[in-house]
Number of protein chains: 4
Amino acid sequence: MIIVMKTEASRVNIDAVLDRVKMAGCKVHPIIGQDRTVIGVIGDGTTIDRHQIGRMQGVENVMPITKPYKAASREFQPADTVFNVGDVQVGGESLLMIAGPCAVEGRSQLLEIAHACKEAGAQVLRGGAYKPRTSPYSFQGLGEEGLQYLAEAREATGMPVITEVMDPALVPMVCEYVDILQIGARNMQNYTLLNAVGKANHPVLLKRSMIGTTLEWLMCAEYILSHDNHKVMLCERGIRANETETRNTFDINAIPVIKQLSHLPIIADPSHATGRWEYVGAAARAAIAAGADGLIIEVHQQPELAVSDGRQSLKPERYADLVKQTRVMAEAVGRTLPDSNKKDNLNGNVHLMDKHQLGAVL
Amino acid sequence: MIIVMKTEASRVNIDAVLDRVKMAGCKVHPIIGQDRTVIGVIGDGTTIDRHQIGRMQGVENVMPITKPYKAASREFQPADTVFNVGDVQVGGESLLMIAGPCAVEGRSQLLEIAHACKEAGAQVLRGGAYKPRTSPYSFQGLGEEGLQYLAEAREATGMPVITEVMDPALVPMVCEYVDILQIGARNMQNYTLLNAVGKANHPVLLKRSMIGTTLEWLMCAEYILSHDNHKVMLCERGIRANETETRNTFDINAIPVIKQLSHLPIIADPSHATGRWEYVGAAARAAIAAGADGLIIEVHQQPELAVSDGRQSLKPERYADLVKQTRVMAEAVGRTLPDSNKKDNLNGNVHLMDKHQLGAVL
Amino acid sequence: MIIVMKTEASRVNIDAVLDRVKMAGCKVHPIIGQDRTVIGVIGDGTTIDRHQIGRMQGVENVMPITKPYKAASREFQPADTVFNVGDVQVGGESLLMIAGPCAVEGRSQLLEIAHACKEAGAQVLRGGAYKPRTSPYSFQGLGEEGLQYLAEAREATGMPVITEVMDPALVPMVCEYVDILQIGARNMQNYTLLNAVGKANHPVLLKRSMIGTTLEWLMCAEYILSHDNHKVMLCERGIRANETETRNTFDINAIPVIKQLSHLPIIADPSHATGRWEYVGAAARAAIAAGADGLIIEVHQQPELAVSDGRQSLKPERYADLVKQTRVMAEAVGRTLPDSNKKDNLNGNVHLMDKHQLGAVL
Amino acid sequence: MIIVMKTEASRVNIDAVLDRVKMAGCKVHPIIGQDRTVIGVIGDGTTIDRHQIGRMQGVENVMPITKPYKAASREFQPADTVFNVGDVQVGGESLLMIAGPCAVEGRSQLLEIAHACKEAGAQVLRGGAYKPRTSPYSFQGLGEEGLQYLAEAREATGMPVITEVMDPALVPMVCEYVDILQIGARNMQNYTLLNAVGKANHPVLLKRSMIGTTLEWLMCAEYILSHDNHKVMLCERGIRANETETRNTFDINAIPVIKQLSHLPIIADPSHATGRWEYVGAAARAAIAAGADGLIIEVHQQPELAVSDGRQSLKPERYADLVKQTRVMAEAVGRTLPDSNKKDNLNGNVHLMDKHQLGAVL
């Protein structure tokens, strides 16, 4: 921690700060400059609150040196986190492909999409049973009935399933039905929920909030990790900026940033990150090119009838195209898609991915 | 709802949209322009999801006409919401003064601040028992012990108390101790919590999130109101922008905007809205000048030892100054502070600036 | 400057940084911590670019200690800048009231508004002859013809005039017609223009950009001041945030922040800061309450026919109301409006709220 | 244009609006709903200012239907803009590779980097002779001397050169030295400069501002196009958001958005869009994957001695790696890099671009 004193700070002010820091068991290292004194603090910074020091007389600013997350940091764990959900690997060389409808709307709808997604190349099925809706008068999800359909779809397709959980009290029940818990963007800093999910020791996908910095996001992951639940993946789903042509702004930088700062896998959500199906393909390709460990994509048979987010959902045939493009991208960056050996007769992918095909999704 | 078709939309596309809207029981009103067709939709828009229509072929954009909140709107209830918490009036001509420490740190700390705040002119005591902290390793609040101290401080001073609630499951217990529940900025869109608080039928202060628009904020109030809990006040606490000199950016516009769109009282939180005690006074005066119905201010005897937010806390004597300034401001805009009759020897501009005149510009 | 080394930085890395800094003529002060080394740099930081050091091997971060503006800082000049434009004082106890149309639309329009503004209480007339329009196909202003009308309005009313200048080459010509040059928000960092205006040695009103921090804004003022043109006032006109109900977000915090960091007068522009005439009054009162040195307000006889910004323009009679409210506010914070002695029968709170008391919180 | 009347709008209000619109030569199409009237306007919307109508009594909102740009729109020109700068093609299948130092620092520095960039695969040399610096006390560029070095580097390498122009008065002179004029982010809405550059009829690279929407950006391109200068390319260089780990936030969505809305080529600037050399490679790959038509990259032999932006500059050997990766990406999306036939022995690019190599730039 570095404490910057004001130019007009008195000797008494400086001594008070030095005493305060020493009382906390840290060593001090004052640097007396031409205009002002700056105090370096050596020791376990967690015992001193920098906002307290910031309030002492004569202090202009207090700057942290150390990142506040530990278990989520690459310094703490240099090797990438890799774990399994059923037979599916999360992290590692192989990319994770999650797909499915925004909301579980009914049994047959879900089963149909599930089969279509699997056929197209998805490994994990997504579907919302509890929907965070802006309006209390909008469809709020099928609840436990939706979870039952998800479990049935897992049986039918063999794909693990992921769903958003919003109520801490329901975490244990939701864990009985699904393989991965999703924390939505609005709940990124819902600490009660993070603690509940941490204790559940179930795999978690933690979405970044619309405004959170990567540092705040990693601190939220830290909440989960602090309960010794290490099966955590992060998900970049777009931030809110000024653009009106897209629903959100895809922070593609976040992918290499997280890769550098943390060992946790990072999944991209091009559906929310653009909010318009026309742009999902370009964003998905960019995510893989930037180093993402997987994609979560909204797919619906009839997006114009979807109860939510139809604007950004792909039809199954477009999703199949996107998987093909993802495979090409994966190879370009030295990653693989599951089954790529079996299905791969793409040799010379330039031909496969010609401009015209790209245009279909572009 | 207005549906804007693309210039290249075909007759078939247009007919499909017309049929879709009619199926939902709405009347359609196509306007055939030079370049494109625009379709006006008459009827109960809540039966059609505009994102679904937005996904139909040939549709460029779908624009809502009606605001999505109802119970929170001034059209629904033209008169200001005014209610009582104990003897304290919320809304109405008199301003609401809430003060206290960021966190309840201990029994004697709280009692001492409580008395100091009351003496300075506060009517309601704030104090956090459950603290939303960025780090899982930081002090998380005293929990129920903190609630007990708050209840004791209420006994000792006669002031109603407010505290933040984060866990939906704890809402009934927290209601037994405190008079007003606070929803923090990070939980503005925590719908599980909003529903729990709505059902509790306890007075609520709903903070705006760091990124929420006034429309999203009113939709969150709508969640609470939809449970017939009408004792809701809003609290503007600053949004996140690019400025680095302050912790947040106080959206002063939100005050007249909410006053125009809604009947709910709006309280300003200059402590968080600036994040630096030096600027709290200016922000507080501005809030009252703009039409806020009250102020919530962080006060601490020794801000440099506060376990959280010391940087923005006022010492009791500065808070007393702020109350004096607030009184002057209140009179300048035709409002009052409690006890202003007793203490009031300001005889002055109240007559000049009566409510009617202000209303002309508000 | 503080240089934070990475935890894995080698002895060689550290020595290279130490040598580099010493070569620049600064003293170094290494602090060897548990995990990493931090280097304090003492001396004239302007000789070292922190981005260069940031690029050296083993360096994690470089943090400046000193604010980069000099002439604009309160440390450089503790006393408020006060100057005259004709008979009108800028800065100081008395508030500056600027009003007029967004654009000069014609001779009679301008003269009529000018007289109405003056009668209502304005001291300076605004009017755009060169308009920065989003579209190249929109009305771009009357140019020099507009300047002639402004000069004529000055003759007719005795009010100094202010207009925006966009083209550095036209600065000398514009100076011949008007008393104050305005730098618009879009040109805040147009350094060619700032230099031209600095050299002109004419009074300047420098608007903050829609995204600029207060630090960047002061650096732009520094450009003007560096040419020894000291007649500079700043103007807060709202930043761009997410809100859709208002055109911009009025950063009211900027007023006390600028007052603390700089000696330059700060004027508020509630017309742009809200973008809706209904909210202009509330924003204007808030600005004065927060410590602004004046107001610039758009006034138009027939806003619904204004060639630009009609949505935010006040009719003359509403502006007259606003001036009355401003007078009340001014007295509440210990400021005055010109002619307040003549018109003043408010006898009241001026004594209560003297400057000293306000200063305690400001 | 759609005019939404307030629910309480009177018959007289509605008639006034209808008359106003008809006076402007447009047809009206009122839709009388349950709660309110909505008026469709048919005809040339450019004759009516929506802000004027928005100000009329009883009007709640006025929504434009048509995009305000014309010459920049894909509707106006469906085919991609492709043009040549010397022998180098801009737009089209082949990607444009621009590289060079942030600032021209001297003759030998520039020549050395120019040769290194060319060798690595760059086609156009960048270098700033006029630098927009936050501080008036920082190095402002070598001016015309820098232009001379650029011209010399062109002679020596055969590469066309690009430089930023800030002063409208210098545009003709700068055109004599360089092949492409760059409008920097801070000057995106500097309309005087846009007009000067439009009239010069010289190729232009127009950077997006840190806050501009894609719509505003296209309107700025429209300024240039309106002078019949059609050699315009856009450049996405990152917007300002809340993230602190990167200097800017790369809006990757902007690439497919621009491709859909406009026919103009779009170049990505991963150097500014990340601000940290470690992330430049990932951002560059993402840009190509998303459909960008080229890359502009900062390269410096000794970034730790660069007079500006050293933090984000690549060393020549890293730039050579980046070009190789770009080539792989180009092929994956069906694009080419110049000379790819000659140099291309990459067949089976998976091997070339193994994880280890990527890690070097990641």
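This text goes with the structure placed above it.
Each value, and the rule that gives it
- Going along each chain's sequence as written, the residues are numbered from 1 onward.
- As they are written, the chains are lettered A onward and the ligands numbered 1 onward, keeping that order.
- A pLDDT threshold of at least 70 governs which residues receive local features in this predicted model, and a stricter bar of 80 or more applies before side-chain atom pairs are shown or counted, although totals over entire chains, interfaces and linings include all residues.
- Side-chain figures throughout are based on the complete set of non-hydrogen atoms in the structure, without hydrogens or water.
- Helix and strand assignments follow DSSP, with helices taken as H or I runs no shorter than four residues and strands as E runs no shorter than two, numbered in order from the N terminus.
- Per-residue accessibility, obtained with a 1.4 Å probe over protein chains only, is compared with the maximum for each type, and a residue is labelled buried under 20%, exposed over 50%, and partly exposed between these values.
- Here the Shrake-Rupley method, with its probe set to 1.4 Å, supplies the accessible areas, and only the displayed protein chains count as covering residues.
- When charges are counted, Lys and Arg are positive and Asp and Glu negative, with His and the chain ends excluded.
- By convention, the charge on Lys lies at NZ, on Arg at CZ, on Asp at CG and on Glu at CD.
- Fitting of the copies onto one another was done by least squares over C-alpha atoms, counting residues only where both copies have pLDDT of at least 70.
- Residue contacts are counted whenever heavy atoms from the two residues lie within 4.5 Å of one another.
- For two strands to be treated as a pair, DSSP must find at least two bridges joining them.
- To get an axis, fit a line to the C-alpha atoms, keeping to the stretch in contact for a helix; angles then go from 0 to 180 degrees between the N-to-C directions.
- Here the buried area means the combined drop in accessible surface, using a 1.4 Å probe, for two parts upon being joined, counting both sides.
- What makes a salt bridge here is a side-chain nitrogen of Lys or Arg within 4 Å of a carboxyl oxygen of Asp or Glu, nothing more.
- Throughout this description, a polar contact denotes any pair of N or O atoms lying within 3.5 Å of each other; where both atoms belong to protein, one of them has to be capable of donating a hydrogen while the other can accept it, and for residues adjacent in sequence the pair is counted only when both atoms sit in side chains.
- For this analysis, a ring pair means two rings from Phe, Tyr or Trp (six-membered ring only for Trp) whose centres lie within 6.5 Å, classed as stacked if their planes differ by under 30 degrees, edge-to-face if by over 60, and tilted for the remaining angles.
- Orientation is classified from the angle alone, with under 35 degrees giving roughly parallel, over 145 giving roughly antiparallel, 65 to 115 giving roughly perpendicular, and any other angle giving oblique.
- Each residue gets one of three labels, nonpolar for Ala, Val, Leu, Ile, Met, Phe, Trp, Tyr, Cys and Pro, charged for Asp, Glu, Lys and Arg, and polar for the others, Gly among them.
- Among buried residues, those of type Ala, Val, Leu, Ile, Met, Phe, Trp, Tyr and Cys that are joined through side-chain atoms within 4.5 Å constitute a nonpolar core.
- The length a helix should cover is 1.5 Å for every residue beyond the first.
- The criterion for a disulfide is a pair of cysteine sulfur atoms lying within 2.5 Å.
- Viewed with both strands pointing away, a crossover whose connecting path from the first strand over the helix to the second turns clockwise is right-handed.

Peer 1: Just checking my understanding: could you explain the overall build of chain A for this structure?
Peer 2: What chain A contains, in helices and strands, is 14 helices and 14 strands. Taking the principal axes of the C-alpha coordinates as reference, chain A spans close to 75 × 50 × 40 Å. Looking at chain A as a whole, 66% of its 362 residues qualify as buried. Element-wise, carbon and sulfur atoms account for 49% of the exposed surface of chain A, whose accessible area totals about 12200 Å². For chain A, the centre of its 37 positive side-chain charges and the centre of its 41 negative side-chain charges are spaced 4 Å apart.

Peer 1: Explain the relation of the copies chain D and chain C to me, please; I cannot follow it from the model alone.
Peer 2: Each of the two copies of the chain can be brought onto the other by a rotation about an axis and a shift along it. Its rotation angle being 180°, the transformation that places chain D on chain C also includes 0.0 Å of axial translation and leaves an RMSD of 0.0 Å. Overall, the copies show the geometry of a two-fold rotation axis. Taken as a fraction of all interface residues of chain D, those also at the interface in chain C reach 98%, which identifies the copy contact as same-surface.

Peer 1: Can you walk me through the sheet that holds strand β2 (residues 27-32) of chain A in this structure?
Peer 2: Hydrogen bonds between backbone atoms are what pair the strands of a sheet, whose relative direction is either parallel or antiparallel. Residues and elements named next belong to chain A. The four strands lie next to each other as β2-β3-β1-β4, forming an open sheet whose pairing is antiparallel. Each edge of the open sheet carries a strand with a single partner, namely β2 and β4 (59-63). Geometrically, the sheet is characterised by an average inter-axis angle of 20° between neighbouring strands, direction not taken into account. Relative to strand β3 (residues 37-42), strand β1 (residues 2-5) is paired through three bridges, and the arrangement is antiparallel. Counted as the bridge partner of Val4 is Val38 from β3.

Peer 1: I would appreciate a short explanation of the interface of chain D and chain C in the present structure.
Peer 2: Taken together, the contacts link 47 residues of chain D with 47 residues of chain C. Summed over both sides, the interface between chain D and chain C buries roughly 4300 Å², with carbon and sulfur atoms accounting for 52% of that surface. When residues of chain D are sorted by the area they lose upon contact with chain C, Arg55, Ile211 and Arg311 of chain D head the list and together hold 18% of the total. Along the contact surface separating chain D from chain C lie two salt bridges. Across the salt bridge formed by Arg240 of chain C and Glu216 of chain D, the nearest N and O atoms sit 2.5 Å from each other. Put simply, chain D and chain C have 23 residue pairs in polar contact (both at pLDDT 80 or more) between them.

Peer 1: Where do I start with unusual backbone geometry in this structure?
Peer 2: Excluding glycine, most residues fall at negative phi; most peptide bonds, likewise, are trans. Backbone geometry at Asp228 of chain C places phi at a positive 65°, although glycine is not the residue there. Topologically, Asp228 of chain C is positioned in the loop between α7 (214-225) and β12 (232-236). Backbone geometry at Asn201 of chain D places phi at a positive 55°, although glycine is not the residue there. Examined against the element boundaries, Asn201 of chain D turns out to sit in the loop between α6 (191-200) and β11 (204-207).

Peer 1: What exactly am I supposed to notice about the packing of aromatic side chains here?
Peer 2: The description of two aromatic rings rests on the distance between their centres and on the angle between their planes. All names here are of chain A. Applying the stated criterion across every chain yields a total of four aromatic pairs over all chains. Aromatic side chains Tyr191 and Tyr223 sit 4.4 Å apart centroid to centroid with 20° between the ring planes, which places their arrangement in the stacked category. You can see Tyr191 sitting in helix α6 (residues 191-200) and its partner Tyr223 sitting in helix α7 (residues 214-225), a full 32 residues away along the chain. Accessibility expressed as a relative area gives 1% for Tyr191, which makes it buried.

Peer 1: Explanation requested: the packing of α6 of chain D against helix α7 (residues 214-225) of chain D in the structure shown.
Peer 2: Residue and element names in this part refer to chain D. At a closest axis distance of 7 Å, the pairing of α6 and α7 adopts a crossing angle of 45°. Viewed along their axes, α6 and α7 adopt a mutual orientation that is oblique. Contacts from Tyr191, Leu194, Asn195, Val197 and Gly198 in α6 reach Cys220, Tyr223 and Ile224 in α7. When grouped by side-chain class, the residues that make up the contact of α6 with α7 number six nonpolar, two polar and no charged.

Peer 1: Can you help me understand the pairing of strand β3 (residues 37-42) of chain B in this one?
Peer 2: Looking along a regular strand, one sees side chains alternate from face to face of the sheet. Residue and element names in this part refer to chain B. When you tally the buried positions in β3, you get six out of six residues, the bulk of the element. By the alternation rule, side chains of β3 split into Thr37, Ile39 and Val41 and Val38, Gly40 and Ile42, which are all buried. Taking the residues between adjacent antiparallel strands as the criterion, strand β2 (residues 27-32) and β3 are bridged by four residues.

Peer 1: I tried to follow the nonpolar core on my own but got confused; where do I start?
Peer 2: One finds Tyr319 of chain A, Tyr319 of chain B, Tyr319 of chain C together with Tyr319 of chain D to be the most contacted residues of the largest nonpolar core, which totals 350 residues. Other than its neighbours up to four places away in sequence, Tyr319 of chain D contacts Met97, Ile98, Ala99, Cys117, Ala120, Ala122, Ile297, Val299 and Leu314 of chain D.

Peer 1: Looking at this structure, I do not really get the side chain of Thr157 of chain A. What am I missing?
Peer 2: With respect to the helices and strands, Thr157 of chain A occurs in helix α4 (residues 144-157). Leave out the neighbours within four places in its chain, and Thr157 of chain A touches Ala114, His115 and Lys118 of chain A.

Peer 1: Can you walk me through the sheet that holds strand β1 (residues 2-5) of chain C in this structure?
Peer 2: Residues and elements named next belong to chain C. What the four strands build is an open sheet, ordered β2-β3-β1-β4; its pairing is antiparallel. Two strands in the sheet have a free side with no partner beyond their single neighbour: β2 (27-32) and β4 (59-63). The sheet shows a mean angle of 20° between the axes of neighbouring strands, direction not considered. One ladder, built from four bridges, connects β1 with β4; its direction is antiparallel. By the bridge assignment, Ile2 is partnered in β4 with Met63.

Peer 1: What's the story with the environment of Glu236 of chain B in this structure? I'm lost.
Peer 2: All names here are of chain B. Inspection of the secondary structure assignment puts Glu236 in strand β12 (residues 232-236). Residue classification places Glu236 among the buried positions, given a relative accessible area of 0%. Placed 87 residues apart in sequence, Glu236 and Val323 show a C-alpha to C-alpha distance of 19 Å. Beyond its immediate sequence surroundings of up to four residues, Glu236 is in contact with Arg208, Trp217, Thr249, Phe250, Asp251, Ala254, Ile266, Ile267, Ala268 and Asp269. Polar side-chain contacts of Glu236 include one of 3.0 Å to the backbone nitrogen of Gly238.

Peer 1: How do you make sense of α7 of chain A when you look at a structure like this?
Peer 2: Each turn of an α-helix holds 3.6 residues, which means side chains three or four residues apart point in the same direction. Residue and element names in this part refer to chain A. Helix length check: α7, at twelve residues, gives a terminal C-alpha distance of 16 Å against a target of 16 Å (1.5 Å per residue), a fit within 8%. Buried residues dominate α7, accounting for eleven of its twelve residues. Taken together, the buried positions of α7 are occupied by Thr214, Glu216, Trp217, Leu218, Met219, Cys220, Ala221, Glu222, Tyr223, Ile224 and Leu225. Check the buried side of α7 and you find it contacts α6, β11 (204-207), β12 (232-236), α8 (254-261) and β13 (266-268).

Peer 1: Which parts of the structure should I look at to understand the state of the cysteines?
Peer 2: Joining two cysteines, a disulfide is a covalent bond between their sulfur atoms. A complete count under the given rule lists zero disulfides over all chains for this structure. Free cysteine Cys117 of chain B: the closest other cysteine sulfur is in Cys102 of chain B, separated by 13 Å. Here Cys235 of chain C stays free of any disulfide, with the sulfur of Cys102 of chain C as its closest cysteine sulfur at 13 Å. The class for Cys235 of chain C is buried, based on a relative accessible area of 0%.

Peer 1: I keep staring at the pairing of strand β9 (residues 161-164) of chain C and nothing clicks. Help me out?
Peer 2: Residues and elements named next belong to chain C. The alternating pattern of β9 places Val161 and Thr163 and Ile162 and Glu164 on opposite faces, both of which are buried. Across two bridges, the pairing between strand β8 (residues 124-126) and β9 is parallel. Considered in β9, the bridge of Leu125 is made with Val161. Each parallel crossover has a hand, and the one from β8 via helix α4 (residues 144-157) to β9 is right-handed. The sheet contact formed by β9 and strand β10 (residues 180-183) spans three bridges and is parallel. When the bridges of β10 are listed, Ile162 appears paired with Ile180. In the classification by handedness, the crossover that spans β9, the intervening helix α5 (residues 171-177) and the parallel β10 is right-handed.

Peer 1: Teacher, can you tell me more about the environment of Gly91 of chain A here?
Peer 2: All names here are of chain A. By secondary structure assignment, the location of Gly91 is in the loop between β6 (88-90) and β7 (96-100). Overall, the relative accessible area of 3% leaves Gly91 in the buried class. Each C-alpha atom, one on Gly91 and one on Ile267, is 9.1 Å from the other, the two residues being 176 residues apart in sequence.

Peer 1: What is the right way to look at the pattern of salt bridges in this model?
Peer 2: Should their charged atoms come close, side chains of opposite charge can pair. In total, this model carries 64 salt bridges over all chains according to the counting rule given. The closest approach of N and O atoms between Glu278 of chain A and Arg276 of chain A, which form a salt bridge, is 3.6 Å. Overall, Glu278 of chain A belongs to the buried group, its relative accessible area being 9%. With a closest N to O distance of 2.6 Å, Arg335 of chain C and Asp293 of chain C form a salt bridge. With a gap of 42 residues between them, Arg335 of chain C in the loop between α11 (316-332) and α12 (340-343) and Asp293 of chain C in the loop between α10 (277-290) and β14 (294-298) connect regions that are remote in the sequence.

Peer 1: Explain the environment of Asn253 of chain C here, please?
Peer 2: As for its placement among the helices and strands, Asn253 of chain C is situated in the loop between β12 and α8 (254-261). Residue classification places Asn253 of chain C among the buried residues on the basis of a relative accessible area of 1%. Ignoring any residue separated from it by four or fewer positions in sequence, one finds Asn253 of chain C in contact with Thr246, Asn248, Thr249, Phe250, Ala273, Thr274 and Ala283 of chain B. At a separation of 2.7 Å, a polar atom in the side chain of Asn253 of chain C contacts the main-chain carbonyl oxygen of Ala273 of chain B.

Function-wise, these values are silent; they only describe arrangement.
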